[in-house]
Amino acid sequence: MNEITVDSGSVAGRLPATAVVMPVYNEATVVRGVIAELVDLGLTVIAVDDGSRDDSAAEIEAAGAIRVSHPINLGQGGALQTGFEAALRFTDAKYVATFDADGQHQAADLLGMIAKAEEGGYDVVLGSRFLESTTEMSFLRRMILKTATKVFNRGSAHKLTDAHNGLRLVTRDVAARINLAFHGMAHASELEQVLTQPHYRLTEFPVHVLYTEYSRSKGQPLLNSVNILGDILAHRVSTWSRA
Ligand SMILES: Nc1nc2c(ncn2[C@@H]2O[C@H](COP(=O)(O)OP(=O)(O)O)[C@@H](O)[C@H]2O)c(=O)[nH]1
Ligand SMILES: [Mg+2]
């Protein structure tokens, strides 16, 4: 039983059981703190160590998460699929969330999303960086993400303001219907497509994503964004050609 109060309201007296699926790849320097904050709030964290070559596995265990490991790197999509399956198998969670391991997401935003799902009876709550303008990012990244979202919305029953956000919350029933076939980064559009089916009660929730020196230094973030756009276009083309 955890009393939680968040900006957007409160989950009256009780935090519903929520499993947080966290894809982890070489995040040893930060992942312990990110997990510990969620565990301290009463959330169950399922961290999927995707063949990390650093000490992520030990850090995950020290932080109190359930660790699931891939012997080789399957990419973020594969890690999320493993995480959804583990959440269903090892917990009785009412909700399953996805949350990045690198400190870019805020625990308070997740609590707000749980509160919103509880109060509104939503099946799917998707984090959005563009509902409120608290997230600072470069002009180029903003343009790429907005373009990717526009392309996504053309074929989607639910119109989103941010079609590629790693902070999401779904009910257990929705989680049970997720079956990602794409393992690499292409899962992003695939997952969002599954989650925006017309019969789902869906809403977005404003989230603040931190672009830190660490998150920027990890890889090629802008190139990632271009890849996302490519993935979404490729997915759309394959959907159209099958229609
Ligand atoms: N399991 C797994 N997680 C990954 C992989 N690549 C990235 N991640 C994780 O996915 C999350 C988001 O990745 P990140 O590189 O920060 O992407 P961005 O913030 O969307 O640009 C982080 O928690 C990473 O540790 C991967 O190959 N496998
Ligand atoms: Mg990141």
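Counting of residues starts from 1 at the beginning of each chain's written sequence and follows it residue by residue. The order in which chains are written sets their letters, starting at A; the order in which ligands are written sets their numbers, starting at 1. Where totals are concerned, whole chains, interfaces and linings use all residues; where local detail is concerned, this predicted model gives features only for residues with pLDDT of at least 70, and gives and counts side-chain atom pairs only at 80 or more.

Asker: I would appreciate a short explanation of the overall build of the chain in the present structure.
Answerer: For helices the rule is a DSSP run of H or I covering at least 4 residues; for strands it is a run of E covering at least 2, with both sets numbered from the N terminus onward. From N to C terminus, the chain includes 9 helices and 9 strands. Residues with at least 20 other C-beta atoms within 10 Å of their own are called buried, those with 12 or fewer are called exposed, and the rest are partly exposed. The C-beta atoms themselves are positioned from the backbone. Classification of the 243 residues of the chain by burial places 42% in the buried group. Contact definition: two residues whose C-beta atoms, as placed from backbone geometry, lie within 7 Å. By sequence separation, contacts in the chain at least 24 residues apart represent 77% of the contacts at least 6 residues apart.

Asker: What exactly am I supposed to notice about the packing of helix α1 (residues 31-40) against helix α2 (residues 56-63) here?
Answerer: Pairs of packed helices are described in terms of their axes, by the angle between the two and the distance that separates them. Closest axis-to-axis distance for the α1/α2 pair is 8 Å, and the angle between their directions is 25°. In terms of their interaxial angle, α1 and α2 are classed as roughly parallel. By crossing handedness, the relation of α1 to α2 is classed as right-handed. Of the residues in α2, those touching α1 at V31, R32, I35, A36 and V39 are S56, E59, I60, A62 and A63. Gly falls in the polar group here, along with every residue not listed as nonpolar (Ala, Val, Leu, Ile, Met, Phe, Trp, Tyr, Cys, Pro) or charged (Asp, Glu, Lys, Arg). The class makeup of the residues in the contact of α1 with α2 is 7 nonpolar, 1 polar and 2 charged. Lines fitted to the C-alpha atoms define the axes, with helices restricted to the stretch that makes contact. Angles between their N-to-C directions range from 0 to 180 degrees. These descriptions rest on fixed angle ranges, namely under 35 degrees for roughly parallel, over 145 for roughly antiparallel, 65 to 115 for roughly perpendicular, and the rest for oblique. Definitions for this section: a left-handed crossing has its near helix turned counterclockwise from the far helix by less than a right angle. A right-handed crossing has that turn clockwise.

Asker: Is there a simple way to explain the site of ligand 1 in this structure?
Answerer: Taken together, 20 residues are adjacent to ligand 1, and P23, Y25, D50, A79 and A101 come closest. Broken down by secondary-structure element, the contributors of at least two residues to the shell around ligand 1 are β3 (18-24), β4 (44-50), α3 (75-90) and α9 (221-242). In terms of residue count, the dominant contributor to the shell around ligand 1 is α3 (3 residues). Its residues assigned to classes, the shell around ligand 1 comprises 7 nonpolar, 8 polar and 5 charged. For each residue, a C-beta atom is placed from the backbone, and the residue counts as near a molecule or strand when that atom lies within 6 Å of it.

Asker: Would you mind showing me how to read the pairing of β4 here?
Answerer: Side chains on a regular strand alternate between the two faces of the sheet. With 7 of 7 residues buried, β4 lies mostly within the body of the structure. Burial along β4 is two-sided: the residues T44, I46, V48 and D50 and V45, A47 and D49 are all buried. As a crossover connection, the stretch from β3 through α1 into β4 is right-handed. A crossover counts as right-handed when, viewed with the strands pointing away from the observer, the path leading from the first strand over the helix to the second turns clockwise. In the classification by handedness, the crossover that spans β4, the intervening α2 and the parallel strand β5 (residues 66-70) is right-handed.

Asker: Sorry, what's going on with unusual backbone geometry here?
Answerer: With the exception of glycine, the majority of residues adopt a negative phi angle, and the majority of peptide bonds are in the trans configuration. The phi dihedral of N26 is positive, around 55°, even though this residue is not glycine. Summarising the element assignment, N26 is placed in the loop between β3 and α1.

Asker: Which parts of the structure should I look at to understand the confidence of the model for the chain?
Answerer: pLDDT is a per-residue confidence score from the predictor, ranging from 0 to 100. Residues with a pLDDT of 70 or more make up 81% of the chain, whose mean pLDDT is 87. Note on residues 1-9: pLDDT under 50 across the span, and 20 contacts to partners over four residues away in sequence or across chains.

Asker: Which parts of the structure should I look at to understand the sheet that holds strand β8 (residues 168-171)?
Answerer: In any sheet, the strands associate via hydrogen bonds between backbone groups, in a parallel or an antiparallel arrangement. Pairing between two strands requires that DSSP report at least two bridges joining them. Strands sit in the order β5-β4-β3-β6-β8-β7-β9 across an open sheet of 7 strands; the sheet is mixed. This sheet does not close on itself; its edge strands, each paired only once, are β5 and β9 (202-206). With direction set aside, neighbouring strand axes in the sheet form an average angle of 20°. Sheet analysis places β3 next to β4, joined by 6 bridges and oriented parallel. Along β4, the bridge assignment pairs M22 with A47. Against the sheet, α3 touches β3, β4, β5 and β6 (95-98), its axis set at about 155° to β3.

Asker: What's the story with the pairing of β6 in this structure? I'm lost.
Answerer: Side chains of β6 alternate between two faces, with Y95 and A97 and V96 and T98 buried alike. Where β3 meets β6, 4 bridges bridge the pair, whose relative direction is parallel. Bridge pairing in β6 links V20 to A97. Examined bridge by bridge, β6 and β8 share 4 bridges and lie antiparallel to one another. Counterpart to V96 in the pairing with β8 is V170.

Asker: Could you clarify how one ought to interpret the nonpolar core in this entry?
Answerer: It is characteristic of soluble globular proteins that their nonpolar side chains tend to be buried jointly. Here, a nonpolar core denotes buried Ala, Val, Leu, Ile, Met, Phe, Trp, Tyr and Cys residues that are linked to one another through C-beta atoms within 7 Å. Among the nonpolar cores identified, the biggest contains 56 residues, and V20, V21, M22, I35, I46, A47 and V96 are the most heavily contacted of them. The dominant element in this core, judged by the number of residues it contributes, is helix α4 (residues 107-120), at 6 residues. Non-local contacts of V21, meaning those with residues more than four positions away in its chain, are made with I46, V48, L80, G83, F84, A87, V96, A97 and T98.

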